[in-house]
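Summary of structural features
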Amino acid sequence: MAEEYKGKSIFSRRYVGMSEEAIREEIDRLQGRVHALEKALDSLQEDDKNFINAIEDNQRKMEKLIIELDKKITKLQSSLDYDAPIKTQLDTATKDISAKLKAANKESVDKLIVVLQFNTALLIILLGVVVYNFIIR
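We now turn to the structure provided with this report.

About the cut-offs
Within each chain, residue numbers correspond to sequence positions counted from 1 in written order. For a predicted model such as this one, the threshold for reporting local features is a pLDDT of at least 70, and the threshold for listing and counting side-chain atom pairs is 80 or more; totals across whole chains, interfaces and linings nevertheless cover every residue. Neither water nor hydrogens contribute to the side-chain values; these are computed over all heavy atoms in the structure. Only DSSP runs of H or I covering at least 4 residues are called helices, and only runs of E covering at least 2 are called strands; the numbering of each starts at the N terminus. Type-normalised accessible area, obtained with a 1.4 Å probe on protein chains alone, sets the label of each residue: buried when under 20%, exposed when over 50%, and partly exposed for intermediate values. Whether two residues are in contact is decided by their heavy atoms: any pair within 4.5 Å suffices. With residues, only the protein chains shown are counted as cover, and all accessible areas are computed by Shrake-Rupley using a 1.4 Å probe. In protein, a polar contact requires one atom able to donate a hydrogen and another able to accept it; more generally it is a pair of N or O atoms within 3.5 Å, and residues adjacent in sequence count only if both atoms are side-chain atoms. Throughout this description, the term salt bridge denotes a Lys or Arg side-chain nitrogen within 4 Å of a carboxyl oxygen of Asp or Glu. Residues form patches when they are more than 30% accessible in relative terms and have no salt bridge. Like charges link within 9 Å. Nonpolar side chains (Val, Leu, Ile, Met, Phe, Trp, Tyr) link within 5 Å. We score Asp and Glu as negative and Lys and Arg as positive, and we do not count His or the chain ends. Taken as the charge location is NZ of Lys, CZ of Arg, CG of Asp or CD of Glu.

When helices and strands are tallied, the protein shows 2 helices and 0 strands. Of all 137 residues assigned to the protein, the portion counted as buried reaches 12%. Long-range contacts, defined as pairs at least 24 residues apart, comprise 81% of the intrachain contacts of the protein with a sequence gap of at least 6. Summed over its atoms, the accessible surface of the protein is roughly 11,200 Å², and 62% of this surface lies on carbon and sulfur atoms.

What follows is the structure in structure tokens.
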């Protein structure tokens, strides 16, 4: 036989002695709370989608920018006379630009991770509120 639950009852009142109308009012009240929590959860999900879409759009723009910059730098390198000092300076500039673009890309991914962690925390809190409401009530 499974162990019996020994925690606090989710019901704040004894429904056995209540009238049918009082029980219906309590059910309506609880359904209203559940509906409000569902609306809050839907709102959080919509915000998540908006954040993720914005980050994905920025990621695509960043990748496109990197490709275009690489093409321009390659074209510039091929059109230059290969004197040692100019080529060295151009290589240094290319490396610096690549490093900065990679750092910006990493920053974008880090922001996505922070947003996802924040939204996960909000969902956990919301779940805690739902469980708390059913335990207390």
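The structure having been displayed, the exposition proceeds.
Residue position: Asn133 is located in helix H2 (residues 84-136). Judged by relative accessible area, which is 18%, Asn133 ranks as buried. Side-chain polar atoms of Asn133 contact the side chain of Arg33, separated by 3.4 Å. The contact partners of Asn133, leaving out residues within four places of it in the chain, are Arg33 and Leu37.

Turning to the pattern of salt bridges, a few remarks are in order. On inspection of all chains with the given rule, the structure shows 5 salt bridges. Arg29 is paired through a salt bridge with Glu26; the nearest N and O atoms lie 2.5 Å apart. Remark: Glu26 and Arg29 occur in helix H1 (residues 20-79); sequence separation between them is 3 residues, near one turn of the helix. Residue Arg60 pairs with Asp57 through a salt bridge whose shortest N-O separation is 2.7 Å. Of this pair, Arg60 and Asp57 both sit in helix H1, 3 residues apart, roughly one helical turn. Given a relative accessible area of 48%, Arg60 falls into the partly exposed group. Residue Asp57 is classed as partly exposed on the basis of its relative accessible area of 34%.

Taken together, the side chains of Glu38, Asp42, Glu46 and Asp47 define an acidic patch exposed on the protein surface. Take Asp47: it is sitting in helix H1. Overall, the relative accessible area of 35% leaves Asp47 in the partly exposed class.

Moving on: the environment of Asp48. For Asp48, the location among the structural elements is in helix H1. By relative accessible area, Asp48 is classed as buried at 17%. Spatially, the C-alpha atoms of Asp48 and Phe118 are 9.9 Å apart, while their sequence positions differ by 70 residues.

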